[in-house]
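Here's the letter readout for the chains.
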Amino acid sequence: MSIDRETLRGLADDGTETALDRLADLADASGDLDELSELLDEGSMHAGSLLTRRAVASGDLRELRRISDAGYDEAGHELDRLLNAPAESSGPSSTTTGRPAP
């Protein structure tokens, strides 16, 4: 059975969380980040999860902060995890050259 987007939107507007989740899945599948963000603003935690997954994959710390501020707490946990991860070395350090790194 195929349910059209308009029907899902109507059900979501009436408070059906599952319809909101389905809309988030459709937006994610089509790569519509604006719609996912709008769905998060409407209270879709599933949209928050999908946006968080994308932000973690791309290393977008600012987006994680925005998602967390919009109410999806897991984004804040992911942000903290990434910020607390050991820094990767991108070049010679003072221990290998005897001079301070640039």
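What comes next is a walk through the structure. Predicted model only: the values in this text are computed from it and were never measured.

A word on the overall build of the protein chain
Point 1. In terms of regular secondary structure, the protein chain is built from seven helices and zero strands.
Point 2. For the protein chain, the succession of helices and strands along the chain, N to C, is α-α-α-α-α-α-α.
Point 3. Residues classed as buried in the protein chain amount to 28% of the 102 residues present.
Point 4. If you take every contact in the protein chain between residues at least 6 apart in sequence, the share linking residues at least 24 apart comes to 24%.
Point 5. Entry remark: accessible area of the protein chain is about 6,800 Å², with carbon and sulfur atoms responsible for 49%.

Examining the environment of Ala55
Point 1. Structurally, Ala55 is set in helix H4 (residues 45–58).
Point 2. Measuring from C-alpha to C-alpha, the distance between Ala55 and Arg65 comes to 9.8 Å, with 10 residues separating the pair along the chain.
Point 3. With near-sequence residues (within four places) excluded, Ala55 lies in contact with Asp60, Glu63, Leu64 and Ile67.

Notes on the packing of helix H3 (residues 33–41) against H4
Point 1. Closest axis-to-axis distance for the H3/H4 pair is 7 Å, and the angle between their directions is 135 degrees. By the angle between their directions, the pair H3 and H4 is classed as oblique. Once H3 is placed against H4, the crossing between them reads as left-handed. Contact residues: H3 offers Leu33, Leu36, Ser37, Leu39 and Leu40, while H4 offers Met45, Ala47, Gly48, Leu50, Leu51 and Arg54.
Point 2. Within the contact of H3 with H4, the residues separate by chemical class into eight nonpolar, two polar and one charged.

Description of the environment of Arg54
Point 1. Tracing the sequence through the fold places Arg54 in helix H4.
Point 2. Classification of Arg54 by relative accessible area gives partly exposed; the value is 30%.
Point 3. For Arg54 and Leu64, which are 10 residues apart along the polypeptide, the C-alpha to C-alpha distance reads 9.4 Å.

What counts as what
Residues numbered from 1 in each chain as written. Predicted model: local features only at pLDDT ≥ 70, side-chain atom pairs only at ≥ 80, totals over all residues. Heavy atoms only, no water. Helix = DSSP H or I, 4+ residues; strand = E, 2+ residues; numbered from the N terminus. Buried < 20%, exposed > 50% of the residue type's maximum accessible area, 1.4 Å probe, protein only. Contact = heavy atoms within 4.5 Å. Areas by Shrake-Rupley, 256 points an atom, 1.4 Å probe, with all protein chains shown as cover. Axes fitted to C-alpha atoms, helices over the stretch in contact; angles between N-to-C directions. Parallel < 35°, antiparallel > 145°, perpendicular 65-115°, else oblique. Left-handed = near helix turned anticlockwise from the far one by under 90°. Nonpolar A, V, L, I, M, F, W, Y, C, P; charged D, E, K, R; others polar.

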